Amino acid sequence: MTLPMGTTAIVPQRRPQPLSRRAFWLIVPALVLIGVFLLLPYLNIVSMSLRPPAVGAPYGKGFTLGNYATQLTDGYLLGVLGDTLLLGLTTVPICLLLGYPVAFHLARTKSRWGSLLYVLVLSPLLVGVVVRSFGWLILLSGNGVINRALIDIGLIETGLQLMNNRLGVTIALVHVFLPFMILPLVGVIQAIDPTLEQAARSLGASRLKVFWRLILPLSWPGIQAGTILVFVLTLSAYVTPVMLGGAQVKTMSVLVVQNLIDNFQWPVGAAQALVLAFCGMAAVFVYARIAGLFTKGIQ
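Residues numbered from 1 in each chain as written. Predicted model: local features only at pLDDT ≥ 70, side-chain atom pairs only at ≥ 80, totals over all residues. Heavy atoms only, no water.

1. Section: the overall build of the protein
The condition that has to hold: Under the DSSP-based scheme used, a helix requires at least four consecutive residues in state H or I and a strand at least two consecutive residues in state E, with every element numbered from the N terminus. The globule rule used for comparison is 2.2 Å times the number of residues to the exponent 0.38, while the radius of gyration itself is calculated over C-alpha atoms. Any two residues having at least one pair of non-hydrogen atoms within 4.5 Å are treated as being in contact.
For the protein, the count of helices and strands is 13 helices and zero strands. When its helices and strands are written in sequence order, the protein yields α-α-α-α-α-α-α-α-α-α-α-α-α. For a compact globule of 299 residues, the expected C-alpha radius of gyration is about 19 Å, and the protein comes in at 27 Å, more than 25% above that figure. Look at the contacts in the protein between residues 6 or more apart in sequence, and 68% of them connect residues 24 or more apart.

Next comes the structure, spelled out in structure tokens:
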């Protein structure tokens, strides 16, 4: 078929897809990965926690809430859960007090040694947690470096009990998780305009007041991120409590692994893991709400 001279063919154009539909197809691979490697394992753990324990098998027939009832009514298990949460609440402020000055110096320094300081902060992350915990085992043991040095200089006669207790576990956890507090703080403090400090100083504010009224509130997002990271990582720590705490310090992570591997009680271990995760999420939620109120107050 030929068209008359001077006319043009009208080609039907394809209707473009809405932006929302195209965006959905772009995130489908990420959704699949999250579903396969995160959602399905969690659903499996939930299903496992509702199964009755069995002898010679991972779980018995049927479903039950007895695993959760035992966890929430047994005094010993509640005590271990409380000790685990307390360990996290102890490690977080120590990491914050030690990490904030380091982060502030890294964010403000103009020295040529700044890169070396970054390497020193990141260097513990390049070593396995087993190696780091074993290093503290050598330092804190009864005949370790610290006790031998104190005995040699005459400060003590017998070695101090620095491990197989909460003190040794806390010291090692602070060392292991301190970089996770420093790094978020560095990024937030670097984003604070130094001219704001100069302006406050020019108006007569002291260094302490500038820090308390200006720097600290503006660095609150980094504080919030660092404290949540350290708290969650402390709750889930396993290697350090086992190596530095021995049989004297029990955490929920240790009990979970014992039930899953040593006792072959998968439903019990799954229920304990979910109770620990729920308590950790509840603590983070309460902290986030309180932090939100504080942030509103300084804006």
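2. Re the pattern of salt bridges
Where we set the bar: Criterion for a salt bridge: a side-chain nitrogen of Lys or Arg within 4 Å of a carboxyl oxygen of Asp or Glu. Each residue's exposure class comes from its accessible area (1.4 Å probe, protein chains only) as a fraction of the maximum for that residue type: buried when under 20%, exposed when over 50%, partly exposed otherwise.
Scanning the model with the defined rule gives two salt bridges in all. Glu197 serves as the salt-bridge partner of Arg108, at 2.6 Å between the closest nitrogen and oxygen. With Arg108 in helix H3 (residues 75-108) and Glu197 in helix H8 (residues 194-202), the pair connects residues that are 89 residues apart, well separated along the chain. The closest approach of N and O atoms between Arg148 and Asp152, which form a salt bridge, is 3.7 Å. In this pair, Arg148 and Asp152 are both assigned in helix H6 (residues 145-152), four residues apart and thus about one turn of the helix distant. According to the relative accessible area criterion, Asp152 is exposed, its value standing at 58%.

3. A look at helix H5 (residues 129-140)
The condition is simple: Each residue after the first adds 1.5 Å to the expected span of a helix. The arc in question is the one traced by the directions running from the helix axis out to the C-beta atoms.
Compared with the 16 Å implied by 1.5 Å per residue over twelve residues, the 16 Å span of H5 between its first and last C-alpha is a close match. Taken together, the buried positions of H5 are occupied by Arg132, Ser133, Trp136 and Leu140. Buried residues of H5, viewed axially, fall in a sector of 95°; they line one side. Of the surrounding secondary structure, the elements contacted by the buried residues of H5 are H6, helix H7 (166-190) and helix H11 (239-245).

4. Looking at the packing of H3 against helix H10 (residues 220-235)
Which entries qualify depends on this criterion: A fitted line through C-alpha atoms serves as each axis, taken over the contacting stretch for helices, and the angle formed by two N-to-C directions is quoted from 0 to 180°. Note that the term roughly parallel is reserved for angles under 35 degrees, roughly antiparallel for angles over 145, roughly perpendicular for angles of 65 to 115, and oblique for everything else. Rotating anticlockwise by less than a right angle from the far helix to the near helix defines a left-handed crossing, while the corresponding clockwise rotation defines a right-handed one. Gly is put with the polar residues, along with every residue not named as nonpolar or charged; the nonpolar set is Ala, Val, Leu, Ile, Met, Phe, Trp, Tyr, Cys and Pro, and the charged set is Asp, Glu, Lys and Arg.
At a minimum axis separation of 8 Å, H3 and H10 run at an interaxial angle of 140°. Considering their axes alone, H3 and H10 lie oblique with respect to each other. As for the relative orientation of H3 and H10, their crossing is right-handed in sense. Facing Thr84, Leu85, Leu87, Gly88, Leu89, Thr91, Val92, Cys95, Leu96 and Tyr100 of H3, the residues of H10 in contact are Ile223, Thr227, Val230, Phe231, Thr234 and Leu235. Class assignment of the residues belonging to the contact of H3 with H10 gives a composition of eleven nonpolar, five polar and no charged.

5. As for the nonpolar core
Threshold: The set of buried Ala, Val, Leu, Ile, Met, Phe, Trp, Tyr and Cys residues whose side-chain atoms join them within 4.5 Å is what this entry labels a nonpolar core.
Ile182 and Leu244 are the most contacted members of the largest nonpolar core, which has 48 residues in total. Looking at this core, the elements with two or more residues in it are H3, H5, H7, helix H9 (207-218), H10, helix H12 (252-262) and helix H13 (266-298). At twelve residues, the largest contribution of residues to this core is made by H7. Contacts of Leu244, omitting those with residues within four sequence positions, involve Ser133, Trp136, Leu137, Leu140, Met163, Asn164, Asn165, Gly168, Val169 and Ala172.

6. Things to note about the side chain of Arg51
To keep things clear, this is the line we draw: We count Lys and Arg on the positive side and Asp and Glu on the negative side, and we leave His and both chain ends out.
Here Arg51 lies in the loop between helix H1 (19-49) and helix H2 (66-73). Buried charge without a salt bridge: Arg51, with Asp262 as the nearest opposite-charge side chain at an N-O distance of 23 Å. Not counting chain neighbours up to four residues away, the residues in contact with Arg51 comprise Tyr59, Gly60, Gly62, Phe63, Thr64, Asn67 and Pro267.

7. Notes on the environment of Leu97
Following the sequence through the fold, Leu97 ends up in helix H3. Sequence separation between Leu97 and Met181 is 84 residues; the distance between their C-alpha atoms is 9.8 Å.

8. Observations concerning the side chain of Thr251
Among the secondary structure elements, Thr251 is positioned in the loop between H11 and H12. What makes Thr251 buried here is its relative accessible area of 3%. With residues up to four places along the chain from it excluded, the contact list for Thr251 reads Val80, Thr84, Leu87, Ala237 and Pro241.

9. Observations concerning unusual backbone geometry
With a phi close to 60°, Asn164 is a non-glycine residue in the positive phi region. Structurally, Asn164 is set in the loop between H6 and H7. The class for Asn164 is partly exposed, based on a relative accessible area of 33%. Residues other than glycine seldom take positive phi values, yet Phe264 does so here, at roughly 60°. For Phe264, the location among the structural elements is in the loop between H12 and H13.

10. Here's the deal with the confidence of the model for the protein
Caution is warranted with low-pLDDT regions, since their predicted coordinates should not be read in detail. The line we're drawing: For every residue, the predictor reports its confidence as pLDDT, a number between 0 and 100.
Looking at the protein as a whole, the pLDDT averages 86, with 91% of positions reaching at least 70. The weakest mean pLDDT in the protein belongs to H1 at 84; the strongest belongs to H3 at 94.

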